[in-house]
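For reference, the chains in residue letters:
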Amino acid sequence: MTGYVAKRQPKHCGPAGWNSILEPQSAPVELTANTSADFVVIGAGFAGMAAARRLVQLMPNSRIVVLEAGRFAEGASGRNSGFMIDLPHELTSEDYAGEGDDKKIIRLNRKAIEFVGDAVRDYDISADFFDRAGKVNGAASQAAIRHNINYAAHLRFLGEASQMLDAQQMKEMTGSRHYLGGLYTAGTVMLQPAGLMRGIAGGLKRDGVQLFENSGVIKFSPNKIGWDVKTKNAVVSTPKVILTVNGHLASFGLERGRLMQLFLFANMTPKLDAEALKLLGGHSRWGITPSDPMGTTMRKIDELQGGNRIITRTCAVVRSCMTTRKGDLARAKEVMRRKFDRRFPQLAGLEMEHSWAGHLCLSLNGVSVTREIDKGVFSGCVQNGLGTTRGTLTGIAAAEMAAGTRSEISDHFGNEHRPKCLLPEPFFSFGANSVLRYREWKAGND
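All figures in this text were calculated on a predicted structure; none of them were measured in a lab.

Enquirer: Can you lay out the overall build of the protein for me, pointing to particular residues and giving the numbers?
Expert: Tallying secondary structure elements over the protein gives eleven helices and 22 strands in all. What you see for the protein is a C-alpha radius of gyration of 21 Å, in line with the 22 Å of a compact globule of 446 residues. Taking the principal axes of its C-alpha atoms as reference, the protein extends roughly 65 × 45 × 45 Å. Expressed as a percentage of its 446 residues, the buried residues of the protein come to 59%. Partitioning the contacts of the protein with sequence separation of at least 6, the portion at a separation of at least 24 is 76%. One way to put it: in the protein the 56 positive side-chain charges average out to a point 5 Å from where the 44 negative ones average out.

Enquirer: Hey, could you go over the nonpolar core for me, with residue numbers and the actual values?
Expert: Of all hydrophobic cores here, the largest spans 55 residues; its most connected members are Met49, Leu196, Ile200, Leu204 and Ile242. Core analysis: the second largest hydrophobic core is formed by 30 residues, Tyr4, Ala37, Val229 and Leu259 among them.

Enquirer: So what's going on with the packing of aromatic side chains? Which residues, and what values?
Expert: One pair of aromatic rings is described through two measures. These are the centre distance and the angle between the planes. A full pass over the atoms with the stated rule returns seven aromatic pairs. Considering the side-chain rings of Phe340 and Phe344, the 5.3 Å spacing of their centres and the 50° angle between planes classify their relative orientation as tilted. A single burial state applies to Phe340 and to Phe344, both of which are buried. Here the aromatic residues Tyr4, Phe220, Trp227 and Phe252 are joined through ring pairs into a cluster of three or more. For the cation-ring pair, Arg53 lies above Tyr123, with the distance from its terminal atom to the ring centre recorded as 5.0 Å.

Enquirer: Report on helix α3 (residues 102-122), specifying residues and quantitative values.
Expert: The end-to-end C-alpha distance of α3 is 30 Å, a good match for the 30 Å that 21 residues give at a rise of 1.5 Å each. Those residues of α3 lying buried are Asp102, Ile106, Leu108, Asn109, Ala112, Ile113, Phe115, Val116, Gly117, Ala119 and Val120. Remark: Asp124 follows α3 within two positions and exhibits a positive phi of approximately 55°.

Enquirer: So what about unusual backbone geometry? Which residues, and what values?
Expert: Cis rather than trans, the peptide bond between Glu425 and Pro426 has omega equal to 5°. Looking at the secondary structure, you find Pro426 in the loop between α10 (408-414) and α11 (427-443). With a phi angle near 70°, Ala73 is a residue other than glycine that sits in the positive phi range. Within the secondary structure, Ala73 is located in the loop between β4 (64-67) and β5 (83-84). Given the relative accessible area of 2%, Ala73 is considered buried.

Enquirer: How would you explain the environment of Met59 if you had to name every residue and give the values?
Expert: Along the chain, Met59 turns up in the loop between α2 (46-58) and β4. Classification of Met59 by relative accessible area gives partly exposed; the value is 32%. Distance from Met59 to Ala399, taken between C-alpha atoms, is 10.0 Å for residues 340 residues apart in sequence. Leaving out residues up to four positions away in the same chain, Met59 has contacts with Phe39 and Ala403.

Enquirer: So, the sheet that holds strand β10 (residues 189-191): which residues are in play, and what are the values?
Expert: Two orientations exist for strands paired in a sheet by backbone hydrogen bonds: parallel and antiparallel. An order of β5-β10-β6 is seen for the three strands of this open sheet, with the pairing classed as antiparallel. Looking along the sheet, the strands with just one partner apiece sit at the ends: β5 and β6 (130-131). Direction of pairing for β5 relative to β10: antiparallel, over a ladder of two bridges. Its bridge partner being in β10, Phe83 is matched across the sheet by Met190.

Enquirer: Can you explain the sheet that holds strand β18 (residues 297-301)? Please cite residues and give values.
Expert: One open sheet holds the eight strands; their spatial order is β8-β9-β7-β17-β18-β19-β16-β20, and the pairing between them is mixed. The outermost strands of the open sheet, each flanked by one partner alone, are β8 (163-166) and β20 (354-362). This sheet shows a mean twist of 25° between the axes of neighbouring strands, independent of strand direction. In this sheet, strand β19 (residues 309-318) lies alongside strand β16 (residues 260-268) in antiparallel orientation, the contact comprising seven bridges. If you follow Leu262 over to β19, its bridge partner there is Val318. Relative to the sheet, helix α4 (residues 142-158) contacts β7 (135-139), β8 and β9 (181-185), its axis offset from that of β9 by approximately 25°. Packing of α11 onto the sheet brings it into contact with β16 and β19, and relative to β19 it is tilted by some 140°.

Enquirer: A description of empty space enclosed by the protein should follow, citing residues and the corresponding values.
Expert: Under the counting rule described, the total for this entry stands at two cavities of 30 Å³ or more. Considered as a void within the structure, the largest cavity measures approximately 70 Å³ in volume. Forming the boundary of the largest cavity are Phe46, Met49, Ala50, Arg53, Phe115, Val116, Ala119, Met197, Ile200 and Thr392. Elements with a minimum of two residues in the lining of the largest cavity: α2, α3 and α6 (193-206). The biggest single contributor to the lining of the largest cavity is α2, with four residues. In this model, the second largest cavity occupies a volume close to 50 Å³. Lining of the second largest cavity is provided by Ile85, Leu87, His89, Lys135, Asn137, Tyr151, Leu183 and Thr185.

Enquirer: For the layout of surface pockets, give the residues involved together with the corresponding values.
Expert: Approximately 250 Å³ is the volume found for the second largest pocket. Along the walls of the second largest pocket sit 17 residues, with Ala250, Arg256, Gly257, Leu259 and Ser320 positioned nearest its centre. Residues belonging to the lining of the second largest pocket are distributed by class as follows: nine nonpolar, three polar and five charged.

Enquirer: Got a sec to walk through the packing of α2 against α6? Specific residues and values, please.
Expert: Contact pair α2 / α6: the axes reach a minimum separation of 11 Å and the direction vectors enclose 30°. It follows from the interaxial angle that α2 and α6 lie roughly parallel. Once α2 is placed against α6, the crossing between them reads as left-handed. Here Phe46, Met49, Ala52, Arg53 and Val56 of α2 come into contact with α6, specifically with Pro193, Leu196, Met197, Ile200, Ala201 and Leu204. Here the contact of α2 with α6 is composed, by residue class, of ten nonpolar, no polar and one charged.

Thresholds, definitions, all that
Residues numbered from 1 in each chain as written. Predicted model: local features only at pLDDT ≥ 70, side-chain atom pairs only at ≥ 80, totals over all residues. Heavy atoms only, no water. Helix = DSSP H or I, 4+ residues; strand = E, 2+ residues; numbered from the N terminus. Rg over C-alpha atoms; globule rule 2.2 N^0.38 Å. Buried < 20%, exposed > 50% of the residue type's maximum accessible area, 1.4 Å probe, protein only. Contact = heavy atoms within 4.5 Å. Lys, Arg positive; Asp, Glu negative; His and termini not counted. Charge placed at Lys NZ, Arg CZ, Asp CG, Glu CD. Core = buried A, V, L, I, M, F, W, Y, C linked by side-chain atoms within 4.5 Å. Phe/Tyr/Trp six-rings, centres within 6.5 Å; stacked < 30°, edge-to-face > 60°. Lys NZ or Arg CZ within 6 Å of the ring centre and 35° of its normal. Expected span 1.5 Å × (residues − 1). Pairing = 2+ DSSP bridges. Axes fitted to C-alpha atoms, helices over the stretch in contact; angles between N-to-C directions. 1 Å grid on protein atoms, 1.4 Å probe; cavity = no way out; pocket = protein on both sides within 12 Å on 5 of 7 lines; lining within 4 Å. Points joined across faces, edges and corners; volume = space filled by probe spheres on them. Nonpolar A, V, L, I, M, F, W, Y, C, P; charged D, E, K, R; others polar. Parallel < 35°, antiparallel > 145°, perpendicular 65-115°, else oblique. Left-handed = near helix turned anticlockwise from the far one by under 90°.

The following block contains the structure:
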């Protein structure tokens, strides 16, 4: 074995909106000199930060290095919708209801939420970045109302509470007459994900973890004690490597032909002034996921989270090269503009301040890649579009495996099957994008 070489580094389309609306970060600390560590974590998103924190808990006297290819919260952790969801949220279904052991999944998801909640407390992170407000599945069609009814029945079967909202209640919450109804569930946490990630990074530094930005790993190869992890400027020698790079696992030659590389797109308004807020009405904060998983996600945030703004997120495209094509974002921006104007005619024509793409990774059978993939190399990757919760769990699991300990979390993810093979390219991408475009059309007003 000569090692694992990264054939590409992460490449992003548009700004990471959540990060852009916060105060500028301090200058990055880059890895510039050779060093050694007991553990090297590659990737500083939700999985990487969770892995580092779990290692601090399990091995408090160990030397831990985290290597991030860009800046904190400029990757997927600054490009998501900011929901940390506890209940079943199967994106390939019509109404999110899963087909597996949903009670176990709920229990694990809540462990992830409490793990992050403990970090918020321990690191004195603003509660506005971790808002236990719940969320609403919004319905703008009769088909979506039926999805909510079916999902509520599934939740009752699981012993989970929910509350149906009518059109007037949705109007009072959002200021929009677009929605016919909604289904409220209380367990979701609404994040300012970039603020949260920055806060966790600061806490880990105080715990003694060494975090390096702009230090993408280009190769890791065997040495006498384990592995040499090489960046453009330096090498870290370590007996244990933890890969928390989500879909970029394939960049290192791992699970090729088994991972779906998906992009979702988002728009963010500028700060809404007093006149716009008066026209809008509604609550200062709310979050809506669509009742149809291929519909449109909406968030309203306030000044304590980065300004009074509305975020729209929709449109999906598969790109096996792990980067968007010219025109993908332009098309998505036009679709999102129409969807925003339809929901908020009182603000129609408002120019968006930020537009971006976010990279997701899924497997056909909904499994992660969380296991020891080589001697001393552990993976906590493939989050199936649920990065804040699932990424936290796979990061915890990979850290526990590397530290030689076990829990329900590591047992669950360590026992998952391998991702199923995809059709060869270009057949898979053509078929997948055709299905996505059809489901986007079918979702209609939702």
